[in-house]
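Commentary on secondary and tertiary structure
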Amino acid sequence: MSVKRPKGTQDFLPAGSPGFSPEFGASNLNFLTATAQQVLERAGAKLIFTPVFEEAELVKRGVGDSTDIVRKEQFTVSHHGDHGGYILRPEGTASLMRAYMENGLKQLPLPLKLWTHGPMFRAERHQKGRYRQFHQLDYEIIGSDAALVDAEAIALMWNVIEALGLKHARIKLGSIGDAADRERYNAYLRERFTPLYDQLSPDSQDRLTRNPMRILDSKAPVDQELIADMNIQPMLDFLGEEAAAHFAEVQRTLHAWGIPFDIDPTIVRGLDYYRRTAWELHHEGVGAKSALGGGGRYDGLAQALGAKDPIPGIGWALGVERLLIAMQDEGLTFPAPPRPALFLAALDADQLAVTAELALGLRHLAQVEFAYRPLKMKQIFSEAERRNAVWVGFLGSDEAASQTVSLKNLDTGEQRVVAQAALADVL
Ligand code: AMP
């Protein structure tokens, strides 16, 4: 049997391939990153790339060893059978903060805006919109804890959505307060859940001691049913004065900028280093339970990774495949991949070298293809049509003698004979 791609991964194909789906279109992925690039670089974000594998320790500290991502979904990288302690990155934030710290990026003008894109890896159960290798667009701004920075980060995510033409995405905004607020909330949750310990999933029983807030994030149906019946007070009720003021400022600013959002008091982030602003972006097309993206402030992350002093930061990630699903759901079209301006062919072997030379000489101007062997007239036209070329050009012995090319425009039907030296003018 021939070798197949791993479960939960996708080949991103050229448009027109058999079984092509826009969700896994190579040029669609490129279109998303190019759109994000334009939005983010206009705001001053710098492009950065980090390795796709990292020390397991980075992910453990950066994502949290009580999360499903670390406990169940890690792809371990081994080398010559030697388990190198590396894993495939499941997200980008921890890597970007590591890179910021490791490379002295605080020397650049602060706060520093970074953006990246690339594959992420989580060994999740495969289903639509949930893959083992997926792609994220990632934006982080490091070095400021101002509410204005939070609002801008959210606005930039929204601007990317707008630039893609999506109309039905919704921002759900919340705040998870400061460390002391969360301690109070965790104490409250412990009080509420402890009497129901036996009804919790084994994972959530464990979370009850480690980090009760993560119970609220649980995907286990037993937990979700239990929580639905408990009438639990939301985290927002537990915000201290400073966190509440920060949250109000973020909302005021977003209102002023006309960025639509709904308050979601139930948003939680189970990790200790998260602070204050947290949000998710939802879209009907990808289902109620799956987000298009999410973001949050992580002022404690740098210290979790070993920094002496706190480094404030906030960022977000958008899932590329899910954006493509949402765009299909809204009936948006994707830019067509570029088509050849000209397809050139020779009728006889004698003219083959000239067609190749002409084609190569025109490529600084446009996409030009040529046939690698002589073709019959009918074949030349069918090959040009299959490639969706604008012009088809051919050379037989007459054209070779007069140093011309016979051309036909496949869009308009126009026919011309032009000097080989003048081909560039036609294109
Ligand atoms: P997270 O880092 O979990 O907040 O995820 C950010 C975004 O990445 C999500 O909102 C999804 O759009 C996308 N995402 C996360 N996990 C997957 C996955 N397994 N397959 C596809 N997209 C994913």
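Placed above this text is the structure.
These numbers were taken from a predicted model, which means no experiment stands behind them.

Criteria and cut-off values
Residues numbered from 1 in each chain as written. Predicted model: local features only at pLDDT ≥ 70, side-chain atom pairs only at ≥ 80, totals over all residues. Heavy atoms only, no water. Salt bridge = Lys/Arg side-chain N within 4 Å of Asp/Glu carboxyl O. Helix = DSSP H or I, 4+ residues; strand = E, 2+ residues; numbered from the N terminus. Contact = heavy atoms within 4.5 Å. Polar contact = N/O pair within 3.5 Å; in protein donor to acceptor, adjacent residues only side chain to side chain. Buried < 20%, exposed > 50% of the residue type's maximum accessible area, 1.4 Å probe, protein only. 1 Å grid on protein atoms, 1.4 Å probe; cavity = no way out; pocket = protein on both sides within 12 Å on 5 of 7 lines; lining within 4 Å. Points joined across faces, edges and corners; volume = space filled by probe spheres on them. Nonpolar A, V, L, I, M, F, W, Y, C, P; charged D, E, K, R; others polar. Phe/Tyr/Trp six-rings, centres within 6.5 Å; stacked < 30°, edge-to-face > 60°. Pairing = 2+ DSSP bridges. Axes fitted to C-alpha atoms, helices over the stretch in contact; angles between N-to-C directions.

Should the charged atoms of two oppositely charged side chains come close, the side chains can pair. Scanning all chains against the criterion turns up 21 salt bridges. For D11, the salt bridge goes to R5, with nearest N and O atoms at 3.1 Å.

Right, let's get into the side chain of T33. The residue T33 is located in helix 1 (residues 26-42) in this model. Discounting chain neighbours no more than four positions away, the residues touching T33 are W115, H117 and L137.

With respect to the helices, strands and loops of the structure, H135 is situated in strand 6 (residues 133-142). Note: C-alpha distance between H135 and G118 (17 residues apart in sequence) is 5.3 Å. With near-sequence residues (within four places) excluded, H135 lies in contact with F12, L29, G118, P119, L318, G319, V320 and E321. Within polar-contact distance, the side chain of H135 engages the side chain of E321 at 2.7 Å.

By the criterion of burial, helix 4 (residues 93-102) is predominantly enclosed, with 8 of the 10 residues buried. Regarding helix 4, the residues found buried are T93, A94, S95, L96, M97, R98, A99 and Y100.

A few words on the layout of surface pockets. Any empty space left between the atoms is revealed when a probe the size of a water molecule rolls over them. In this structure, the second largest pocket spans a volume of roughly 280 Å³. Together, 15 residues line the second largest pocket, and A15, P337, P338, R387 and N388 are the ones closest to its centre. Looking at the lining of the second largest pocket, the elements with two or more residues in it are helix 1 and helix 13 (377-386). Class assignment for the residues of the lining of the second largest pocket results in 7 nonpolar, 3 polar and 5 charged.

On inspection of all chains with the given rule, the structure shows 10 aromatic pairs. When the centroid spacing of 5.9 Å and the interplanar angle of 20° are considered together, the rings of Y185 and Y188 count as stacked. Residue Y185 and its partner Y188 are located together in helix 6 (residues 179-193), separated by 3 residues, close to a single helical turn. Take Y185 and Y188: they sit in the same class, and that class is buried. Taken together, F12, F24 and Y131 form an aromatic cluster joined through their ring pairs.

Omega for the peptide link from L110 to P111 comes to -10°, which places this bond in the cis form. Residue placement: P111 occurs in the loop between helix 4 and strand 5 (112-121). Here N388, not a glycine, exhibits a phi torsion of approximately 60°, which is positive. Residue placement: N388 occurs in the loop between helix 13 and strand 14 (391-395). Here N388 falls in the partly exposed class, since its relative accessible area comes to 43%. Backbone geometry places Q403, a non-glycine residue, at a positive phi of 50°. Tracing the chain through its elements places Q403 in the loop between helix 14 (397-402) and strand 15 (404-409).

This next bit is on the sheet that holds strand 12 (residues 342-346). As summarised here, the arrangement of the 5 strands in space is 13-12-14-15-16, forming an open sheet in which the pairing is mixed. Two strands bound the open sheet, and with one partner strand each, they are strand 13 (368-370) and strand 16 (415-419). Adjacent strand axes in the sheet meet at a mean angle of 25°, parallel and antiparallel pairs treated alike. In this fold helix 12 (residues 352-362) packs onto strand 12, strand 13, strand 14 and strand 15, with an angle of close to 160° to the strand it touches most, strand 12. Lying over the sheet, helix 13 contacts strand 12, strand 14 and strand 15, oriented at roughly 150° with respect to strand 14.

For the rest of this paragraph, the subject is the sheet that holds strand 9 (residues 275-283). Ordered in space as 1-5-6-11-10-9-7-8, the 8 strands form an open sheet in which the pairing is mixed. The two strands at the open ends of the sheet, each matched to only one other strand, are strand 1 (46-47) and strand 8 (262-263). With 7 bridges joining them, strand 7 (residues 169-175) and strand 9 adopt antiparallel strand pairing. By the bridge assignment for strand 9, R170 is matched with H282. Lying over the sheet, helix 5 (residues 147-164) contacts strand 5, strand 6, strand 7, strand 9, strand 10 (291-297) and strand 11 (313-319), oriented at roughly 15° with respect to strand 11.

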